[in-house]
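# Architecture and fold: a report
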Amino acid sequence: ANFRAMLAPELAQAAHEPLDAMALLYTMLLSPEPAVRAEQLRQLADQNAGAVIEAVRRLQPSASQLEVRSLLPLVMLSLPALRRLSAEQYGAFAETLKQLIECDGQVDLFEYTLQRIVQRHLKPQFQPGQKNVIQYYSLTPLLPDCVVLLSALARLGHTAISEMEHAFGTGTRHLAQPVNGLPLLGIADCGLAQIDAALNRLAQASPAVKKIVLTACAHTVAADGLIQSHEAELLRAIGDTLDCPIPPFVEGV
């Protein structure tokens, strides 16, 4: 309720209408770089009806004023409206999101998180497949995946190696299992590709294991008492993938 109250009226209204909700997410992905943004708008014009382009242009001024940490909550608020799309509309929506994200040849953390949240919540409805079956009832085989997530979170929030190691150590202590021989990973070993693979495996764990993992991640983020926007984005992606609520001491993200 507090979040809705602070939104501009046009954004709050857009989050409740399917086509406007599509436009709202498109708007969040527009690049601040003029050349990239022009290409994205061209792609939108090619892929979507005029009403959607009109909504993007109408919502963009208000959306650009949002704090970064408000973007993902607004995505979550838009999901019920997006579930009311037709299967054909969803297919076009998912393809347009992909094109906008890949337009500049790279995927940043916010783009990754937005796409993952949309896929997890909407794809099963429009493109049903096999349901996830629990494969892991023990944390032990998943420790390397945990180390990927904790290393990524530790590196996101700090620049000094000593601070990274402190955050990483804080997180590993909450895994309830020793992680000897699994130190803080280098940045090349805990990028988005490695995070994605780790989350896919962890999604097959039991609820009890998932809770341990998310708690360890949350303690890693909170180790310095400061939660930055990119840390919050990754923590939300992890919590959403694991279908676990973010622990209360970091619920403000």
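If you're wondering where the values come from, they're calculated on a predicted model, not measured in any experiment.

Scoring rules and cut-offs
- Residues numbered from 1 in each chain as written.
- Predicted model: local features only at pLDDT ≥ 70, side-chain atom pairs only at ≥ 80, totals over all residues.
- Heavy atoms only, no water.
- Phe/Tyr/Trp six-rings, centres within 6.5 Å; stacked < 30°, edge-to-face > 60°.
- Helix = DSSP H or I, 4+ residues; strand = E, 2+ residues; numbered from the N terminus.
- Buried < 20%, exposed > 50% of the residue type's maximum accessible area, 1.4 Å probe, protein only.
- Arc of directions from axis to C-beta.
- Contact = heavy atoms within 4.5 Å.
- Axes fitted to C-alpha atoms, helices over the stretch in contact; angles between N-to-C directions.
- Parallel < 35°, antiparallel > 145°, perpendicular 65-115°, else oblique.
- Left-handed = near helix turned anticlockwise from the far one by under 90°.
- Nonpolar A, V, L, I, M, F, W, Y, C, P; charged D, E, K, R; others polar.
- Salt bridge = Lys/Arg side-chain N within 4 Å of Asp/Glu carboxyl O.
- Core = buried A, V, L, I, M, F, W, Y, C linked by side-chain atoms within 4.5 Å.

Quick look at the packing of aromatic side chains now. The final tally for this structure, using the stated rule, is two aromatic pairs. A ring pair is formed by Y26 and F93, whose centres lie 5.7 Å apart and whose planes are at 45°; its orientation type is tilted. Residue Y26 is located in helix 3 (residues 18-28), and its partner F93 is located in helix 7 (residues 87-102); the two are separated by 67 residues in the primary sequence. As far as burial versus exposure is concerned, Y26 and F93 are alike and both buried.

Here the focus is helix 11 (residues 192-202). An α-helical turn contains 3.6 residues, so a residue and the one three or four places further along point in the same direction. For helix 11, the complete set of buried residues consists of I195, A198, L199 and L202. Around the axis of helix 11, the buried residues are gathered within 100° of arc, so they sit on the same side. Buried-residue contacts for helix 11 involve helix 8 (109-126), helix 9 (143-156), helix 12 (207-221) and helix 13 (229-242).

Attention now goes to the packing of helix 9 against helix 10 (residues 161-172). Packing of helix 9 against helix 10 leaves a shortest axis separation of 8 Å and a crossing angle of 140°. Between helix 9 and helix 10, the interaxial angle falls into the category oblique. Note that helix 9 runs across helix 10; the crossing there is right-handed. Taken together, the residues of helix 10 that come into contact with helix 9 (itself represented by V147, L150, S151, A154 and R155) are I161, M164, A167, F168, G171 and T172. Taken together, the residues of the contact of helix 9 with helix 10 sort by class into seven nonpolar, three polar and one charged.

Scanning the entire structure with this criterion turns up eight salt bridges. In this structure, R116 engages D196 in a salt bridge whose closest nitrogen and oxygen atoms are separated by 2.4 Å. Taken as a pair, R116 in helix 8 and D196 in helix 11 lie far apart in primary sequence, 80 residues in all. Here D196 falls in the partly exposed class, since its relative accessible area comes to 26%. Between R120 and D243 there is a salt bridge whose closest N-O contact spans 3.6 Å.

This paragraph deals with the nonpolar core. Counting residues in hydrophobic clusters, the biggest one holds 42 residues, and the most contacted among them are Y26, L82, F93 and L114. For this core, the secondary structure elements donating two or more residues are helix 2 (9-14), helix 3, helix 5 (50-63), helix 6 (68-82), helix 7 and helix 8. When residues in this core are grouped by element, the largest group, eight residues, is from helix 6. Excluding its chain neighbours within four sequence positions, the residues that come into contact with Y26 are L44, N48, V52, V56, A92, F93, T96, L97 and L100. The next biggest cluster of nonpolar side chains, apart from the first, holds 37 residues, and it includes L153, A154, A198 and C244.

Turning to the packing of helix 4 (residues 34-47) against helix 7, a few remarks are in order. Running from amino to carboxyl end, helix 4 crosses helix 7 at an angle of 165°, the nearest separation of the two axes being 10 Å. With respect to each other, helix 4 and helix 7 are oriented roughly antiparallel. Viewed along their axes, helix 4 and helix 7 form a crossing whose handedness is right-handed. Packed against helix 4, whose contacting residues are Q40, Q43, L44 and Q47, the element helix 7 presents T96, Q99 and L100 at the interface. Its residues placed into classes, the contact of helix 4 with helix 7 shows two nonpolar, five polar and no charged.

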